[in-house]
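Residues per chain are reported as follows:
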Amino acid sequence: DDNKILTLVNGERISMPEPVSLLFEVEDLSVASPATVSRCGMVFHDAKDLGWRPFVTSWLAKFEDQVFIETMRKLFEKYVERLLEFVNTKCTELIPTSSLARVVSLCNLLDALLSESNGVSKSDGEDAFKRVLELWFLFCSIWSLCAAVDEESRKKVDNYIREIEGQFPSKDTVYEYFVDSRARAWAHWEQELRFGWRYSPSVPFYKIQVPTVDTVRYDFLLYNLIQAKKPALMVGPVGTGKTSLVQGVLQRLDSNKYGLLTINMSSKTTSNNTQEIIEGKVEKRTKGVYVPIGGKRLVMFMDDLNMPARDTFGSQPPLELIRMWMEYGFWYDREKQTSKHIKDMQIVGAMGPPGGGRMEISRRLQSKFNVINMTFPTETQIKRIFGTMISQKLQEFDEGVKAIADKMTQATIDVYQHVSARMLPTPSKIHYLFNLR
């Protein structure tokens, strides 16, 4: 209150000394009482006032190469503002992200991919160096500034980027290309697919994952973000393969260097549960400092990240615990009230769009991740997935039967598209939700 006295529920009164003041930093005042608001001096920060440039300036300050810094500064000025403006005004994002969070994601991706192994070296001359930098910058811009947009908006982004920069091949969209560092040119992700791929007959059906352009590119992005120790969040509709993709990438990590922890979130997950699970995987190094068991780096996969139920004030306690750790690197011991610093741990998340029991997560937590939208596969990819499996199965049959593989695949896809377009959920038939799985 005005006398700087805090009155607790049990009637105890704590007087705050003169030199002590409280500073609150909040996203909004949705759960603040008028009595609280009237006693605080308010300072409102508009995101547009600060913009993204101060962050980029501080990011560039960690580099020493002047040619690199100048080239990157020109690239930021050439592309970033225009792409941000376009995404904000013309596109729809599956999970809305802020402009600054997108620019932070861009810098994270540049940190992960600008390496000598990806051709970023001055050994071939300054012009070649600048050329490779621009290619990687465009690639990273597509997969950070424009990574969270939906399928329709990806077509708009494709047209817009081609207007700004005409160097992309005409086939497919700009999302279908990656940087071939040897040729210093754009290459189609299809080049990375192995032709004649066959699944192992001993693998259960639900574990079969047919490599497609989608799986190869998301695998590449996620693997590099994990190697660079950056948190990633895969979002997308049910049935796009988020969980299986993340698990596939985690299995590829060197087991001598990385430890894995998977937490399947649900509406019943509490912050206590989450803290206990993670603390079960770490051991004490020094006073107040904990590290993963065995001296490895712990990669924690949180599936269905937005499932935990909201509390009275609209927050999701398990996610607030994780956000606190991501911002400050520690949380509190529940019994002793001392801080516990958790080192050498990083997070990968996966979640579907809000709705059907899934919540909107706080913008503050979301801004800590590189958000990548796993869109629904194109019809070409769907044909590849099911065509590959049915063709291999029909090899055991007569010649006459083998020929119908393509027709069966197309017929199945047509039925699925017809059913999902016509048989929509209604109050009496709420289970009419179809996905390819």
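Reading guide: rules and limits
Residues numbered from 1 in each chain as written. Predicted model: local features only at pLDDT ≥ 70, side-chain atom pairs only at ≥ 80, totals over all residues. Heavy atoms only, no water. Salt bridge = Lys/Arg side-chain N within 4 Å of Asp/Glu carboxyl O. Helix = DSSP H or I, 4+ residues; strand = E, 2+ residues; numbered from the N terminus. Buried < 20%, exposed > 50% of the residue type's maximum accessible area, 1.4 Å probe, protein only. 1 Å grid on protein atoms, 1.4 Å probe; cavity = no way out; pocket = protein on both sides within 12 Å on 5 of 7 lines; lining within 4 Å. Points joined across faces, edges and corners; volume = space filled by probe spheres on them. Nonpolar A, V, L, I, M, F, W, Y, C, P; charged D, E, K, R; others polar. Axes fitted to C-alpha atoms, helices over the stretch in contact; angles between N-to-C directions. Parallel < 35°, antiparallel > 145°, perpendicular 65-115°, else oblique. Left-handed = near helix turned anticlockwise from the far one by under 90°. Contact = heavy atoms within 4.5 Å. Pairing = 2+ DSSP bridges. Core = buried A, V, L, I, M, F, W, Y, C linked by side-chain atoms within 4.5 Å.

S.K.: Explanation requested: the pattern of salt bridges in the structure shown.
M.R.: Where charged atoms from two side chains of opposite charge approach closely, those side chains can pair. Inspection of the entire model under this criterion finds 24 salt bridges. In this structure, Glu25 engages Arg364 in a salt bridge whose closest nitrogen and oxygen atoms are separated by 2.8 Å. Of the two residues, Glu25 is situated in the loop between strand E2 (13-15) and helix H1 (34-38) and Arg364 in helix H12 (residues 363-366); the sequence distance between them amounts to 339 residues. Classification of Glu25 by relative accessible area gives exposed; the value is 60%. Arg364 sits in the partly exposed class, given a relative accessible area of 21%. Here Lys230 ties to Asp111 by a salt bridge, and the two come within 3.6 Å at their closest N and O atoms. With a gap of 119 residues between them, Lys230 in the loop between helix H8 (213-227) and strand E5 (232-235) and Asp111 in helix H5 (residues 99-113) connect regions that are remote in the sequence. Overall, Lys230 belongs to the buried group, its relative accessible area being 18%.

S.K.: I'm lost on empty space enclosed by the protein in this one. Help?
M.R.: The probe, sized like a water molecule, is rolled over the atoms to show the empty space still left. If you walk through the whole model with that rule in mind, you get one cavity of 30 Å³ or more. Considering every element that reaches the lining of the largest cavity, the biggest residue donor is H5, with three residues.

S.K.: Explain the layout of surface pockets to me, please; I cannot follow it from the model alone.
M.R.: Here the second largest pocket defines a volume of roughly 1500 Å³. Residue assignment for the lining of the second largest pocket shows that the elements contributing at least two residues are H8, helix H9 (242-252) and helix H13 (379-394). Per-element accounting of the lining of the second largest pocket gives the leading share, nine residues, to H9. A class-by-class count of the residues in the lining of the second largest pocket yields 20 nonpolar, 14 polar and 11 charged.

S.K.: I keep staring at the packing of H13 against helix H15 (residues 405-422) and nothing clicks. Help me out?
M.R.: Where H13 meets H15, the closest approach of the two axes is 9 Å, and the angle between their N-to-C directions is 135 degrees. Considering their axes alone, H13 and H15 lie oblique with respect to each other. Handedness of the crossing formed by H13 with H15: right-handed. Across the interface between the two elements, Glu379, Ile382, Lys383, Phe386, Gly387, Ile390, Ser391 and Leu394 from H13 touch Ala405, Met408, Thr409, Gln410, Ile413 and Gln417 from H15. For the contact of H13 with H15, the per-class residue count stands at seven nonpolar, five polar and two charged.

S.K.: Would you explain the sheet that holds strand E6 (residues 258-264) in this entry?
M.R.: Strands belonging to one sheet form pairs held by backbone hydrogen bonds; the direction of such a pair is parallel or antiparallel. Spatially, E6-E9-E12-E5-E13 is the arrangement adopted by the five strands of the open sheet, whose pairing is parallel. The open sheet has two edge strands, E6 and strand E13 (370-373), and neither has a second partner. Within the sheet, the average angular offset between the axes of one strand and its neighbour, ignoring direction, is 15 degrees. Its contacts with the sheet place H9 against E5, E6, strand E9 (297-303) and strand E12 (345-351), and it is angled at close to 170 degrees to E9. Here helix H11 (residues 317-328) sits on the sheet and contacts E9 and E12; the angle it forms with E12, its principal contact strand, is near 140 degrees.

S.K.: Please clarify how the nonpolar core should be interpreted in this entry.
M.R.: Taken as a class, soluble globular proteins show a tendency for nonpolar side chains to be buried jointly. Met72, Phe76, Phe139 and Trp143 are the most contacted members of the largest nonpolar core, which totals 75 residues. Counting residues per element, this core draws most heavily on helix H4 (residues 66-90), which supplies 11 residues. With residues near it in sequence (within four places) discarded, Trp143 still touches Leu109, Arg154, Tyr175, Arg217, Tyr218, Leu221 and Ile372. With 28 residues, the next largest nonpolar core counts Ala148, Met300, Met326 and Met345 among its residues.

Honestly, it's all geometry; don't read function into it.
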